[in-house]
Each structure stands twice: as structure tokens, then as C-alpha cells.
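Observations on the three-dimensional arrangement
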Amino acid sequence: MFDGADKNTDKKLDFDEFKELKKEAAKQAELQAKRDADPEFALFYAADTNKDDQVSLDEWKVEAKKADPNADDVELEKGFNTADTEDPKGQLNLNEFKVLVANEKKLPKDPE
Ligand SMILES: [Ca+2]
Ligand SMILES: [Ca+2]
């Protein structure tokens, strides 16, 4: 962490680098607070494994199957496409993802 922040590699943290470090820590704390306050954001964040702030169909399938290993690919894809209303297509941003999660909750569960 120290080495990473020491951008001009003089092996000393100057004040700017220290500020960067503080900013990064604040960003992480903010993110954590957001995850704590917003379960859907936490899910979005967990599903977005490549951290590009979009959840792809593949990322969604992986995440959905953690919750339900028997989830059906076709059904997952249908739900994904229904929520995917904004560009870029094939990727869900946080807003679209929340729609997806809300839709999933509305689905009647198959009686066992
Ligand atoms: Ca992603
Ligand atoms: Ca989209």
C-alpha cells in the first residue's frame, strides 16, 4: 500500500501522495457505507466482478446462481434483457440492475 502510493518512487510519501492515500481510503469507506445502506448496491457490487460499473449477462448468471444453483439460463437471460433498457445494451448499470432485482422479487416462486 505504501509502495503503491509512492508514485514518484522516491521511497517517501510526499504530501500529495498522502492526500491521494487519504482520498482513496475515504472512497473505500464511502463505498462500504453505500454497500451497508443499500443491499441492492451491495449485490450489484458483488456481481460486477470486473469492476467496470456494469453487470454483464455472464456476471449476472454467476451471481444469480450463487443464490439459486438451479436457476435457468434462459429465464435469467429473459430477466436480464427485460431490465436492460439503457445503453450500453448487454450491460446493466445500477439503475437497470435495481429493476432486475425488483422484477426477480416479483416473480412467483415455483411451489415445491
Ligand atoms: Ca462488470
Ligand atoms: Ca444497459
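Residues numbered from 1 in each chain as written. Chains lettered and ligands numbered in written order. Predicted model: local features only at pLDDT ≥ 70, side-chain atom pairs only at ≥ 80, totals over all residues.

1. Focus: the packing of helix α5 (residues 73-83) against helix α6 (residues 94-106)
At a minimum axis separation of 8 Å, α5 and α6 run at an interaxial angle of 130 degrees. With respect to α6, the element α5 is oriented oblique. Taken as a pair, α5 and α6 cross one another with a handedness that is right-handed. Contacts between α5 and α6 pair G79, F80, T82 and A83 from the former with E96, V99, L100, N103 and E104 from the latter. Residues that form the contact of α5 with α6 fall into these classes: 4 nonpolar, 3 polar and 2 charged. (Axes fitted to C-alpha atoms, helices over the stretch in contact; angles between N-to-C directions. Helix = DSSP H or I, 4+ residues; strand = E, 2+ residues; numbered from the N terminus. Parallel < 35°, antiparallel > 145°, perpendicular 65-115°, else oblique. Left-handed = near helix turned anticlockwise from the far one by under 90°. Contact = placed C-beta atoms within 7 Å. Nonpolar A, V, L, I, M, F, W, Y, C, P; charged D, E, K, R; others polar.)

2. Here we look at the nonpolar core
Formed by F44, A47, V55, W60, A64, F80, A83, L92, F97 and L100, the largest nonpolar core amounts to 10 residues. Looking at this core, the elements with two or more residues in it are α3 (39-47), α4 (57-67), α5 and α6. F97 has contacts with E40, F44, V55 and L92, leaving out every residue within four places of it along the chain. (Core = buried A, V, L, I, M, F, W, Y, C linked by C-beta atoms within 7 Å. Buried ≥ 20, exposed ≤ 12 C-beta atoms within 10 Å, placed from the backbone.)

3. With respect to the domain arrangement of the protein
Under the domain assignment used here, the protein contains domain 1 (1-37) and domain 2 (39-112). Each of domain 1 and domain 2 was reduced to a C-alpha centroid, and the two centroids are 31 Å apart. (Domains from an automatic or database assignment.)

4. A word on the packing of α3 against α6
In contact at an axis separation of 10 Å, α3 and α6 are set at 110 degrees when each is read in the N-to-C sense. Of the possible angle classes, the one that applies to α3 and α6 is roughly perpendicular. Between α3 and α6, the residues in contact are E40, F41, L43 and F44 and L94, F97, K98 and V101, respectively. Along the lines of polarity and charge, the residues of the contact of α3 with α6 split into 6 nonpolar, no polar and 2 charged.

5. Points about α4
Residues spaced three or four apart along an α-helix face the same direction, because each turn holds 3.6 residues. When we look at burial in α4, the residues that qualify are E59, W60 and A64. Down the axis of α4, the buried side of the element spans an arc of 125 degrees, and every buried residue falls inside it. Residues of α4 that are exposed and point more than 90 degrees away from the buried face comprise D58 and K66. Buried residues along α4 sit against α3, β1 (55-56), α5 and β2 (91-92). (Arc of directions from axis to C-beta.)

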